[in-house]
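# Coordinate analysis (summary)
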Amino acid sequence: MLVFNFFLFRVVQTDPIGSLFRGRNVPAETLDNLRASFGLDQSIGTQFVFYLRETAQLNLGISYQSRQPVWDEIVSAIPPTLALVGVAAILSAVIGTAAGIVAAWRRNTWKDHSITSGTMIFYSMPDFWLGMILLVGFAVVLGWFPVGGIVTAGSTETGIERLLDQLYHMFLPALTLTLAYLGEYTLVTRSSLLDVMGEDYLTVARAKGLRDVRVRNRHAVPNALLPVVTLTAINFGFVLSGAIAVEAVFSWPGLGKATADAIRGPDLPMLQGLFLLFSAAVIVFNLIADLTYSWLDPRVEGA
Amino acid sequence: MSTLAMQRRRATAGRVWTQFRSSRQGMIGLGVLLLFVLMALAAPLLADARELSPVFARAQGNPQWASPGEFSPLGTDHIRRSVWAQFVWGSRVSIFVGLAATVLTIAIGSVVGIVSGFVGGRVDAVLMRLTEWFLVIPFLPLAIVLASVLGRNVWNIIFVIGITSWPSTARLIRAQVLTVKQRLFVDRARSLGASGGHIVSHHILPNVMGLILANATLAVPISILTETTLSFLGLGDPSAASWGKTLEEAFVNGAMTRNAWWYFLPAGLGILAVVLAFTLIGRTLEEIANPRLSRGR
């Protein structure tokens, strides 16, 4: 992973400093000094050894744009993303699963049709476009919500009031992401529950005279939720990197906006550091998904 | 012999079409898709390509930020260009990139899946390890990184989408090849002395074709949405403006704070319609290829 990350950025882009200042009138010796200060005048091999050593010490280099250490920039961008995406991931998992259960249990009724087509429509639009529409509708036209950022500019509030202000700013981006993620959970829950519904043990449960709700909640749903749990865990790995365009739309100062800003540079050390973090997140959450799965479903133990 | 195979294939196609026609969601999707494909093909008839140039728009005396009421049919943007012209010509780029990237995705995925499933052994192990590795890398960040190091160009975008989204196809097709390989007619062909190539092209391929096709239709939405996101993040081709590029320009130039809804609404609706159309068609094909799925749907 580290090797790939290093070469991906080095081999293809030959002269990041040149492209950073492309079109601007910068003296050649300034460029050379800059290259030297970023270690770009060394050979590839030297750079690679240097990169490995520094990464192990969490030194990811200096951002071309802000001239601050990449690690500090990334660390300060983690909490906003974690808060925003965490809330959206939990809400969409809960609401999406519930909607999927209703759709499957009442299949081929108007409830099922409206849930299925509604989620498919949200699933088919670019998430940032949904964000743009919500932003224009609720923030620009109606003025109910702020147009972007994480706190009101120039505010000096602390404690609870600051937190409330942040939640107020979080509402629209969180709503956007929740709607965007919803569809997957609904469709997976629905098809998984439909699979389970043909099973004999549900007939047995009904034959015992159990009420419909009890059959659903105690017998059908727990068995249908396994794929949903896996999906949730895997999605958590991708959510860190999933909100890039949406964060850019709402100027949410998290990892996504940092990525969007780094692309415009291009700020290669920053992109490299972000990519490393995103990959690490996916690997960690995949591991968690595997562990929860074998804990929930003893049949797969040792697989 | 070959005429017999042709007849059989034509009969299969006819049967699929009959089943497809009876599905309402499939027909809606097909109708919407045809409409947009026609629009993309007829772009020169619907809007003058010169309308895309700000110089031409200025010479024409177009107003700036005109709403649809002031400038027919869809208003103008910050540099006086007609939004309708951008919408019509953008459909070409978006649909083309979506289809081309999907062809690449499916080609890589099918080759890896078939080779891995059919050859087996060490080749299979190596290919599957590679597939897993690509599955673990976060897809969008990898696409972003590749696109930003390769440069802003339509072919690079197609390459990036193709190279990042083939693994799930490869896994699906490998699984299908493994089951087809166990079937009796494969053993029979082998005992009659058929070569590996012959078995793959005459026995394996026809039996995984339906799956490949359904998978391809379902991969187009992902390709189109990825292209849109990449363009929105500023990685699109400046000389071939897709719908995503239109959305980026609208966003960057403040269409939202101006409430210039006519600038960013059409492109997004176009993406929504095309993506939904492909999804509906894909789901219908999937149900036909795998009847077990259609229960209750």
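Residues numbered from 1 in each chain as written. Chains lettered and ligands numbered in written order. Predicted model: local features only at pLDDT ≥ 70, side-chain atom pairs only at ≥ 80, totals over all residues.

## Considering the overall build of chain A
The secondary structure content of chain A amounts to 14 helices and 0 strands. The order of α-helices and β-strands along chain A, N terminus first, is α-α-α-α-α-α-α-α-α-α-α-α-α-α. Looking at chain A residue by residue over its 303 residues, the buried ones come to 37%. Intrachain contacts of chain A at a sequence separation of at least 6 include 72% that bridge at least 24 residues. (Helix = DSSP H or I, 4+ residues; strand = E, 2+ residues; numbered from the N terminus. Buried ≥ 20, exposed ≤ 12 C-beta atoms within 10 Å, placed from the backbone. Contact = placed C-beta atoms within 7 Å.)

## Side note on the overall build of chain B
Summing up its helical and strand segments, chain B has 13 helices and 0 strands in all. In sequence order, the secondary structure elements of chain B are arranged as α-α-α-α-α-α-α-α-α-α-α-α-α. For the C-alpha atoms alone, the extent of chain B along its principal axes is close to 75 × 45 × 35 Å. Within chain B, the fraction of its 297 residues that count as buried is 44%. Contacts in chain B between residues far apart in sequence, at least 24 positions, make up 71% of those at least 6 positions apart.

## A few points about the confidence of the model for chain A
All names here are of chain A. Taken residue by residue, chain A gives an average pLDDT of 72. The fraction at 70 or more is 69%. Per-element mean pLDDT across chain A ranges from 46 in helix α2 (residues 16-20) up to 85 in helix α6 (residues 110-124). Here residues 10-26 is a poorly scored stretch, pLDDT under 50, and it has 19 contacts once near neighbours within four places are set aside; other chains count. (pLDDT = per-residue confidence, 0-100.)

## Side note on the interface of chain B and chain A
Taken together, the 32 residues of chain B in the interface contact 36 residues of chain A. Among the secondary structure elements, those contributing two or more residues to the side of chain B that touches chain A are α7 (139-150), α11 (196-235), α12 (243-252) and α13 (261-289) of chain B.

## Some points on the packing of helix α8 (residues 154-165) of chain B against α11(B)
The relative placement of two packed helices comes down to the angle between their axes together with the axis-to-axis distance. All names here are of chain B. The interhelical angle for the contact between α8 and α11, taken along N-to-C directions, is 130°, at an axis separation of 10 Å. Judged on the interaxial angle alone, α11 and α8 are oblique. Note that α8 runs across α11; the crossing there is right-handed. Residue-level contacts link Ile157, Ile161 and Ser165 of α8 to Ala219, Ile222, Ser223, Thr226, Glu227 and Leu230 of α11. Tallied by class, the residues present in the contact of α8 with α11 amount to 5 nonpolar, 3 polar and 1 charged. (Axes fitted to C-alpha atoms, helices over the stretch in contact; angles between N-to-C directions. Parallel < 35°, antiparallel > 145°, perpendicular 65-115°, else oblique. Left-handed = near helix turned anticlockwise from the far one by under 90°. Nonpolar A, V, L, I, M, F, W, Y, C, P; charged D, E, K, R; others polar.)

## Thoughts on the nonpolar core
Nonpolar side chains in soluble globular proteins generally cluster together in the buried interior. Counting residues in each nonpolar core, the largest one holds 136 residues, and the members touching the most others are Met132(A), Val249(A), Leu274(A), Ala143(B), Ile144(B), Leu233(B) and Phe264(B). Dropping the residues within four chain positions of it, Ala143(B) is found in contact with Val160(B), Ile161(B), Thr164(B), Thr226(B) and Leu230(B). (Core = buried A, V, L, I, M, F, W, Y, C linked by C-beta atoms within 7 Å.)

## What about unusual backbone geometry?
Leaving glycine out, the prevailing phi sign among residues is negative, and the prevailing peptide bond configuration is trans. One non-glycine residue with positive phi stands out, namely Ser251(A), at about 45°. Considering the arrangement of structural elements, one finds Ser251(A) in the loop between α12 (244-249) and α13 (255-264).

## Observations regarding the packing of α11(B) against α12(B)
All names here are of chain B. Relative orientation of the contacting elements α11 and α12 amounts to 30°, with a least axis distance of 7 Å. The handedness of the crossing between α11 and α12 is right-handed. Note on element contacts: α12 touches α11 through Trp243, Gly244, Lys245, Leu247 and Glu248, opposite Glu227, Thr228, Thr229, Leu230, Ser231, Phe232 and Gly234. A per-class count over the contact of α11 with α12 returns 4 nonpolar, 5 polar and 3 charged.

## Topic: helix α7 (residues 127-141) of chain A
Residues and elements named next belong to chain A. For α7, with 15 residues, the first-to-last C-alpha span of 20 Å sits near the 21 Å given by 1.5 Å per residue. Leu135 marks the point of greatest bend in α7, at about 30°. Among the residues trailing α7, Gly143 stands out with phi positive, at a value near 70°. (Expected span 1.5 Å × (residues − 1). Bend = angle between axes of the 7 residues up to and from the residue.)

## A closer look at the environment of Thr292(A)
All names here are of chain A. Within the element layout of this structure, Thr292 appears in helix α14 (residues 268-296). C-alpha of Thr292 to C-alpha of Thr109: the two residues are 183 residues apart in sequence and 34 Å apart in space. In this structure, Thr292 is in contact with Val229 and Ala233, ignoring residues within four places of it in sequence.

## Examining helix α10 (residues 184-191) of chain B
Judged by how many residues are buried, α10(B) sits mostly at the surface: 0 of 8 residues are covered. Gly193(B) lies just past α10(B) and shows a positive phi near 95°.

## Focus: the environment of Arg152(B)
Residue and element names in this part refer to chain B. Following the sequence through the fold, Arg152 ends up in the loop between α7 and α8. According to the C-beta neighbour criterion, Arg152 is partly exposed, with 18 such atoms within 10 Å. Not counting residues up to four positions away in its chain, the partners in contact with Arg152 are Leu235, Gly236, Asp237 and Pro238.

## Remarks on the environment of Ile28(B)
Looking at the secondary structure, you find Ile28(B) in helix α2 (residues 24-41). Taking the C-alpha atoms as reference points, Ile28(B) and Leu276(B), 248 residues apart in sequence, are found 9.8 Å from one another.

## Describing the confidence of the model for chain B
Should pLDDT be low for a region, the predicted coordinates there are not to be read in detail. With 97% of its residues at a pLDDT of 70 or more, chain B has an overall mean of 82. Taken element by element, chain B is modelled with least confidence in helix α4 (residues 54-59) of chain B, mean pLDDT 73, and with most confidence in helix α5 (residues 83-119) of chain B, mean pLDDT 88.

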